[in-house]
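In case you want the letters, here they are:
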Amino acid sequence: MTYTRQYKDLNFLKAVTTAVLLCAVNPCFAAGKEIVTSLTLLIIIAGLLIIQTALIAGLQHSRLKNKAAKNLLKLHQKDLEQKIQERTQSIHQKNDELETVIQNHKTIAVQLQDTKRHLQTMINSVPDILVGVDADGKVTYWNIAAFERTGTSFDKALGTYILTALPQLPVSSEQLTNIIKGQQPFINRQLQQLEEDEQRFYDLRIYPLISGQIASGQTSGAVIQLKDVTKRIQLENMMIQNEKMSSLGELAAGIAHEMNNPLGIILHNVQNITRRTSPDLTGNLTAAGKHKLEFDQITSYLNERDIPQFLDNIKEAGERAGKIITNMLEFSHNNHAEKNWLDLGKIITQSVEFNRNTGFTENSKMADIKVVTNIGADIPLIFASSAELQQVFLNLLRNSYQALVSDEYEQPREMRIEISAQLKKSEIIIEFSDNGPGIKDSHKTHIFEPFFTTKEVGKGTGLGLSVSYFIITEHHKGKISLSSQYGKGATFKIRLPLTGERQFSLDI
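Residues numbered from 1 in each chain as written. Predicted model: local features only at pLDDT ≥ 70, side-chain atom pairs only at ≥ 80, totals over all residues. Heavy atoms only, no water.

Participant: What am I meant to see in the overall build of the protein chain here?
Facilitator: A tally of helices and strands in the protein chain yields 14 helices and 12 strands. Across the 508 residues that make up the protein chain, the buried fraction comes to 30%. Expressed as a percentage of contacts within the protein chain between residues at least 6 apart in sequence, the contacts between residues at least 24 apart total 62%. Of the accessible surface of the protein chain, which amounts to about 33,300 Å², a share of 55% is contributed by carbon and sulfur atoms. (Helix = DSSP H or I, 4+ residues; strand = E, 2+ residues; numbered from the N terminus. Buried < 20%, exposed > 50% of the residue type's maximum accessible area, 1.4 Å probe, protein only. Contact = heavy atoms within 4.5 Å. Areas by Shrake-Rupley, 256 points an atom, 1.4 Å probe, with all protein chains shown as cover.)

Written out as structure tokens, the structure is:
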């Protein structure tokens with residue numbers, strides 16, 4: 001703008017100078033003008049030329065200065081543009097790095113969620129109850145097994161005190177607090193609990209969670225594991241039972257051989273007494289005649305005193321004892337007794353009758369015990385050993401009788417034994433129940449062990465239930481179990497499968 005204006009002023013001076021020169025040389029001027037005037041004009045013209053030159057030089061300098069300023073401006077502009085470009089590039093780079101970090105955080109978050117779900121799936125796949133608690137004993141984690149065991153969902157259990165959410169946990173509030181603060185794992189094995197009339201066993205483990213502030217001794221809670229080990233305990237008991245049965249077999253063989261000799265003498269003498277009191281033998285009549293006795297009178301006396309009936313009872317009991325001894329021998333040699341298709345109801349009825357006929361002289365109260373049977377009409381024939389099953393039933397009946405008349409127990413108004421047999425799917429369920437004193441928890445785990453008895457010395461050998469256990473489980477592939485609550489009676493449950501193969505023994 002300034003440069004243009006200066007250029008216009010220069011053109012104006014040029015026009016004035018030209019006009020002056022033209023007037024100076026114009027012939028219209030008088031020749032006689034004074035030379036002074038001409039010199040003056042020349043001086044004026046020269047001054048004007050000098051001024052013009054100075055102005056031109058100033059304008060040129062100004063033009064050059066403006067050009068330098070313009071170049072400097074362009075240089076600064078270019079430098080600024082470069083800095084802006086570098087800053088923009090740096091911002092873009094920072095944005096890319098930030099986006100990368102954000103993406104990494106998203107990836108890590110997804111991985112954490114996947115890991116959390118995976119850990120939850122793993123923990124929920126464990127059949128044991130796993131519960132997390134904080135330092136105050138409030139629930140922080142609750143797996144599916146805990147939900148299935150208690151029926152309490154995770155949302156309801158979260159934040160609840162552990163003994164409220166899991167009241168069956170066998171620890172006290174004080175004990176749990178000490179375990180968490182003490183930072184030492186707590187283990188308690190084979191805890192017993194009665195659930196739906198069935199004995200269950202659990203292993204309890206409590207592991208304190210150590211926080212980052214180990215030096216200060218602060219903890220963040222604990223993990224509680226409650227493991228159901230009932231099947232393992234049952235398997236261990238079964239293995240122990242089998243070992244005891246093996247050793248019992250050797251003892252049974254010796255006892256059976258020793259009992260056979262006096263039993264044979266008893267049966268032989270019964271047979272001789274029967275023969276020597278028979279009127280059909282000539283020797284008996286001759287011997288009576290020597291003493292001037294009428295044999296008919298002797299026979300009438302014996303019949304009136306039920307001597308023949310006593311002899312028959314001795315013979316029947318001896319033959320039954322012989323069968324039991326034979327079973328003991330077969331049992332000791334791991335050989336099954338001969339099996340046939342049997343009417344289970346008939347065997348139970350015979351066992352009840354035989355138990356009643358033998359009589360119990362040890363306690364008169366036994367006559368007051370009422371035995372009730374409930375045999376299902378749809379029970380088919382079962383392939384089994386009659387002598388062995390009858391031995392089992394008699395053992396159970398005798399145990400119930402002795403429990404009901406125990407002096408340590410106040411008998412109910414009606415002493416009662418109930419025997420039931422029902423068909424359920426592919427097995428027959430037989431139950432012997434009484435309303436006696438029941439069995440203490442400390443005795444339940446030993447009830448089927450050989451030589452274990454709660455009776456006084458001389459009143460029990462401790463072999464009845466152990467032999468019964470072996471007969472049912474080994475010889476008949478069934479199961480026998482006990483359900484009892486002390487003070488409320490006891491129930492022995494026998495499960496016999498319907499399927500079976502015929503087995504024969506060949507005596508040579």
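On we go.
Participant: Just to check I follow, could you spell out the packing of aromatic side chains for this structure?
Facilitator: Aromatic ring pairs are described here by two measures, namely the spacing of the ring centres and the angle between the planes. Applying the stated criterion to the full structure yields 5 aromatic pairs. With 5.0 Å between their ring centres and 50° between their planes, Trp341 and Phe383 make a pair best called tilted. Here Phe383 lies in strand 8 (residues 382-384) and Trp341 lies in strand 6 (residues 340-342), a separation of 42 residues in the sequence. Relative accessible area serves as the criterion here: at 35%, Trp341 is assigned to the partly exposed category. Seen from their ring centres, Phe448 and Phe492 are 6.3 Å apart, and the 80° between their planes marks the pair as edge-to-face. Taken together, the residues span a long stretch of sequence, with Phe448 in the loop between helix 13 (441-444) and helix 14 (464-475) and Phe492 in strand 12 (residues 490-497) at a distance of 44 residues. Taking relative accessible area as the criterion, Phe448 reaches 12% and is therefore assigned buried. The rings of Phe448, Tyr469 and Phe492 are connected pair by pair, giving a single aromatic cluster. (Phe/Tyr/Trp six-rings, centres within 6.5 Å; stacked < 30°, edge-to-face > 60°.)

Participant: For this particular structure, what's the right way to read unusual backbone geometry?
Facilitator: The phi dihedral of Lys425 falls on the positive side, at around 55°, and the residue is not glycine. Given the relative accessible area of 83%, Lys425 is considered exposed. Here Lys477, not a glycine, exhibits a phi torsion of approximately 55°, which is positive.

Participant: What is the right way to read the nonpolar core from this model?
Facilitator: Inside soluble globular proteins, nonpolar side chains tend to come together where they are buried. Judged by nonpolar contacts, the single largest core of 39 residues is most densely connected at Leu344, Ile369, Phe393, Ile417, Ile419, Ile430 and Ile494. In terms of residue count, helix 12 (residues 386-404) provides more of this core than any other element does, 7 residues in total. Leaving out residues up to four positions away in the same chain, Ile430 has contacts with Leu344, Ile348, Phe393, Ser420, Ala421, Phe492, Lys493, Ile494 and Leu496. One finds Val139, Ala165, Leu166 and Ile224 within the second-largest nonpolar core, a separate group that totals 24 residues. (Core = buried A, V, L, I, M, F, W, Y, C linked by side-chain atoms within 4.5 Å.)

Participant: Which parts of the structure should I look at to understand the sheet that holds strand 9 (residues 416-424)?
Facilitator: The strands that make up a sheet pair up through hydrogen bonds in the backbone, lying either parallel or antiparallel. Strand order across the open sheet formed by 5 strands is 7-9-10-12-11, with mixed pairing between neighbours. Strand pairing shows two members of the sheet lacking a second neighbour, strand 7 (370-375) and strand 11 (479-484), which therefore form its edges. Across the sheet, the mean angle separating the axes of adjacent strands is 15° when strand polarity is ignored. Relative to the sheet, helix 14 contacts strand 11 and strand 12, its axis offset from that of strand 11 by approximately 135°. (Pairing = 2+ DSSP bridges. Axes fitted to C-alpha atoms, helices over the stretch in contact; angles between N-to-C directions.)

Participant: Looking at this structure, how should I read the side chain of Asn284?
Facilitator: Looking at where Asn284 falls in the secondary structure, it is placed in helix 8 (residues 282-290). The residues touching Asn284, leaving out its near neighbours within four places in the chain, are Arg275, Arg276, Thr277, Ser278 and Phe295.

Participant: Teacher, can you tell me more about a nonpolar patch on the surface here?
Facilitator: Together, Ile35, Leu39, Leu42 and Ile43 make up a nonpolar patch on the protein surface, roughly 440 Å² of accessible area in all. On the secondary structure map, Ile43 appears in helix 2 (residues 35-125). Classification of Ile43 by relative accessible area gives exposed; the value is 60%. (Patch = residues over 30% accessible without salt bridge, like charges linked within 9 Å, V, L, I, M, F, W, Y side chains within 5 Å. Salt bridge = Lys/Arg side-chain N within 4 Å of Asp/Glu carboxyl O.)

Participant: Got a minute to help me understand the pairing of strand 10 (residues 427-434) in this structure?
Facilitator: Moving residue by residue along a regular strand, the side chains alternate between the two faces of the sheet. In terms of burial, strand 10 is a largely internal element, 6 of the 8 residues being buried. In this structure, strand 9 lies alongside strand 10, joined through 8 bridges in antiparallel fashion. Bridged to Ser420 within strand 10 is Glu431. Counting the residues in the hairpin turn of strand 9 and strand 10 gives 2 residues, including Lys425, whose phi is positive at 55°. Here strand 10 pairs with strand 12 via 8 bridges, running antiparallel. Each bridged residue has a counterpart across the sheet, and for Ile429 the counterpart in strand 12 is Arg495.

Participant: Explain the side chain of Ser420 here, please?
Facilitator: Here Ser420 is to be found in strand 9. Owing to a relative accessible area of 18%, Ser420 belongs among the buried residues under this scheme. Not counting residues up to four positions away in its chain, the partners in contact with Ser420 are Asn374, Ile429, Ile430 and Glu431.

Participant: When you look at the pattern of salt bridges in this model, what are you seeing that I'm missing?
Facilitator: Pairs can form between side chains of opposite charge whenever their charged atoms are close. Summed over all chains, the structure comprises 8 salt bridges. In this structure, the salt-bridge partner of Lys83 is Asp79, at a minimum N-O distance of 3.8 Å. Placement of both Lys83 and Asp79 in helix 2 is noted, with a separation of 4 residues, approximately one turn of the helix. Its relative accessible area of 34% is what places Asp79 among the partly exposed residues. A salt bridge links Glu431 to Lys493, with the shortest nitrogen-to-oxygen separation between them at 3.7 Å. Of this pair, Glu431 sits in strand 10 while Lys493 sits in strand 12; the two residues are 62 residues apart in sequence, bridging distant segments of the chain.

Function cannot be read off these values alone, since they describe shape.
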